[in-house]
Amino acid sequence: MPSDLFDKELVFHCSEQVIKALPPEAEKSQTLMKIGLVLYRQGNVFNVKQDGMVVSAVVQDVKRAYVKLDLDYFQLSSCSCSSGFPCRHLVAAFLYVYAMTGYLGDFLNEWKGGAKPSLATLQRHGVVKKGVPNMEQSVKEWVQFFEDEIDQLDKVQGMGKIYALWYQLYPKLKASAPAQEELKPLYRILLAERLLIELCRFYHKPNIDPSYFFHYVEPFVGELQQSLFQNIQTIQKQPLPFFVDPLLSEMRDYTRRLLFCGKGLLYPRIITYRLIWESILNRKKWIAEEKGLLAKRKKEELDRDGQFALECDLALVHFDFLEKNDERIINFFQNTDLPLLPFMFQWLTTITSRKEFQRFWKWVPAVLEQAKHYIQDQDFTDKQEVILYVLNEFEQYRMATGDHDTFEEACRKLLPYSYVAYHEYLLDEERYDQWAELQLLIGFSLDDVDRGLLKHIEKTAPNALLPILHQEIDAKIAEKKRKSYRDAVKHLKRLKRLYKKLSATDTWDHYFQTLTDSHKRLRAFQEELVKGKLL
């Protein structure tokens, strides 16, 4: 939540009430403040939202607590726990809000000593705005400025540091861009790099829960990448002047740090590195030098523990892509058991957008092999989203080349995650028999199929519905519920109508007689058959 959504004077007002409610000399107050501080520093306060004077939040304790913090009247605050007012969860939520508007140490000092906030404290809270230095035309100075500002957040503990980094420091650093328009996009790209590196380093700090970490940083990483794309587009629309060449050359070393800053956030780190090299640093001499440095680093990694060997490989194969050395890329992905499919997206999109469809066809075996590894490794939501993304590129290829066989091969190999794409394709092609086989294979109920579609297939390809109806009727009867029997009768009526339309009433008579004989002991089913006028 952005810090500017919290009114600083209102938070100060609330802090005075908190101090009154938790007198520091009381042992209970000391315990509540200590535990609340631990909960906050461990990043256990999340889903923070503000509605007027009230801030709601979730605090992860032994059991989750749902807090409503009234900034105007602290005494009206509430918590879902049974501890009574005030509780450690309210304290943790308040500390979170205070840390978003200023330095938490100021409040803790005031709570311990009962002192009024000083002018310096008010300045640190942003009540008094400080000037922002104008940056020099040097990548080294930009990076040093970032480092100095980030170092000032070392006192902020736990996940609170990420929010302070994002909502307090990031806006300040963006506002500090050089005055020259030509330099602003480069500055902001370097800033996005540096903050991504900081988030990655934070992943390795003690007491950081990886699941919470990714939950917190996902929107931040997304915005950093969006900033990166926008500034790259700015540069592409208006080429950089020659005087920035020394800055670009200097950027290479800093960009390489993305590969070796830690093991977290692998995908955004690699994609950021690739985009910068492809769009800004793409010069033959520089690429040759970078490849040499990466090859050397990879050898050093393999001689040790191989910690960053994969990062070296993923960077090197991108240079192969830029130089159209497809055989090396295909060989790399076909000879690894790692699920690296998302790292191919950028290339596939580029190939199809350039209409290099012969090149795309060469990639098909490697893509499908990687897709197989991926769907064996990830959870369902990720699988479905990723596979649909891949199939979209296959669809572009099919539409341009007319190669339906390759598209269908991909759909079949990637089932069930390709179901939606394959389902729509078969309907578009009016291949209703194959569509029916797909439904039988996946086991979807007719209840999930659009009624209008069923009527259309019944009219144009009635044979296709026969096996689906037989399977559906058997499934409904097997449930042995009155409602399921009614559904079965509904499907039986449709089946009877289809057999009549196909002039196969003898087949229907034989089927229906066999069905009723085999289920004659199911009295409720027999009753529904009578109600449905089938008996």
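A brief structural summary. (Residues numbered from 1 in each chain as written. Predicted model: local features only at pLDDT ≥ 70, side-chain atom pairs only at ≥ 80, totals over all residues. Heavy atoms only, no water.)

## A few points about the nonpolar core
Here comes step 1: Phe107, Leu341, Trp363, Phe394, Trp435 and Phe525 are the most contacted members of the largest nonpolar core, which has 183 residues in total.
Here comes step 2: A per-element tally of this core places helix H8 (residues 184-202) first, with 12 residues.
Here comes step 3: Beyond its immediate chain neighbours, meaning those up to four positions away, Trp363 contacts Phe321, Asp326, Ile329, Ile330, Met344, Trp347, Leu348 and Ile351. (Core = buried A, V, L, I, M, F, W, Y, C linked by side-chain atoms within 4.5 Å. Buried < 20%, exposed > 50% of the residue type's maximum accessible area, 1.4 Å probe, protein only. Helix = DSSP H or I, 4+ residues; strand = E, 2+ residues; numbered from the N terminus. Contact = heavy atoms within 4.5 Å.)

## Examining the layout of surface pockets
Here comes step 1: Volume-wise, the largest pocket comes out at about 1400 Å³.
Here comes step 2: Lining of the largest pocket is provided by 32 residues; of these, Tyr267, Pro268, Pro342, Tyr374 and Val386 occupy positions nearest its centre.
Here comes step 3: Going through the elements one at a time, helix H9 (210-237), helix H11 (266-279), helix H15 (345-353) and helix H17 (380-401) are the ones with two or more residues in the lining of the largest pocket.
Here comes step 4: Looking at which element gives the most residues to the lining of the largest pocket, the answer is H9, with eight residues.
Here comes step 5: When the residues that make up the lining of the largest pocket are grouped by side-chain class, the tally is 20 nonpolar, eight polar and four charged. (1 Å grid on protein atoms, 1.4 Å probe; cavity = no way out; pocket = protein on both sides within 12 Å on 5 of 7 lines; lining within 4 Å. Points joined across faces, edges and corners; volume = space filled by probe spheres on them. Nonpolar A, V, L, I, M, F, W, Y, C, P; charged D, E, K, R; others polar.)

## Digging into the sheet that holds strand S1 (residues 45-51)
Here comes step 1: Read from one edge to the other, the open sheet built from four strands follows the order S1-S2-S3-S4, with strand pairing classed as antiparallel. With partners counted over all chains shown, the strands left at the sheet margins are S1 and strand S4 (78-79), one partner each.
Here comes step 2: Inspection of the sheet shows S1 paired to strand S2 (residues 54-59) by five bridges, in the antiparallel sense. Bridge pairing in S2 places Phe46 opposite Val58.
Here comes step 3: Where helix H3 (residues 88-101) meets the sheet, it contacts S1, S2, strand S3 (65-70) and S4, and its direction lies at approximately 60 degrees from that of S3. (Pairing = 2+ DSSP bridges. Axes fitted to C-alpha atoms, helices over the stretch in contact; angles between N-to-C directions.)

## Quick look at the state of the cysteines
Here comes step 1: Under the defined criterion, the tally for this structure stands at zero disulfides.
Here comes step 2: Cys14 takes part in no disulfide bond, and the closest cysteine sulfur, belonging to Cys87, lies 13 Å away. (Disulfide = S-S within 2.5 Å.)

## Here we look at the environment of Leu338
Here comes step 1: Inspection of the secondary structure assignment puts Leu338 in the loop between helix H14 (326-334) and H15.
Here comes step 2: Contacts of Leu338, omitting those with residues within four sequence positions, involve Leu310, Gln370 and His373.

## Quick word on the packing of aromatic side chains
Here comes step 1: Under the criterion given, the structure shown has 31 aromatic pairs.
Here comes step 2: On the numbers, 5.0 Å between centres and 70 degrees between planes, the contact of Phe94 with Phe107 is edge-to-face. Taken together, the residues span a long stretch of sequence, with Phe94 in helix H3 and Phe107 in helix H4 (residues 104-113) at a distance of 13 residues.
Here comes step 3: Overall, the relative accessible area of 0% leaves Phe107 in the buried class.
Here comes step 4: On the basis of an interplanar angle of 50 degrees and a centroid distance of 5.5 Å, the ring pair of Tyr485 and Phe525 is categorised as tilted. (Phe/Tyr/Trp six-rings, centres within 6.5 Å; stacked < 30°, edge-to-face > 60°.)

## Side note on the packing of helix H23 (residues 482-501) against helix H25 (residues 523-531)
Here comes step 1: Relative to each other, H23 and H25 sit at 45 degrees, their axes nearing to 9 Å. The angle between H23 and H25 places the two elements in the oblique class. When the axes of H23 and H25 are compared, the crossing they make is right-handed. Between H23, through Arg482, Tyr485, Arg486, Ala488, Val489 and Leu492, and H25, the contact on the second element is made entirely by Ala524, Phe525, Glu527, Glu528, Leu529 and Lys531. (Parallel < 35°, antiparallel > 145°, perpendicular 65-115°, else oblique. Left-handed = near helix turned anticlockwise from the far one by under 90°.)

Honestly, that's just the spatial picture; any functional story needs more than this.
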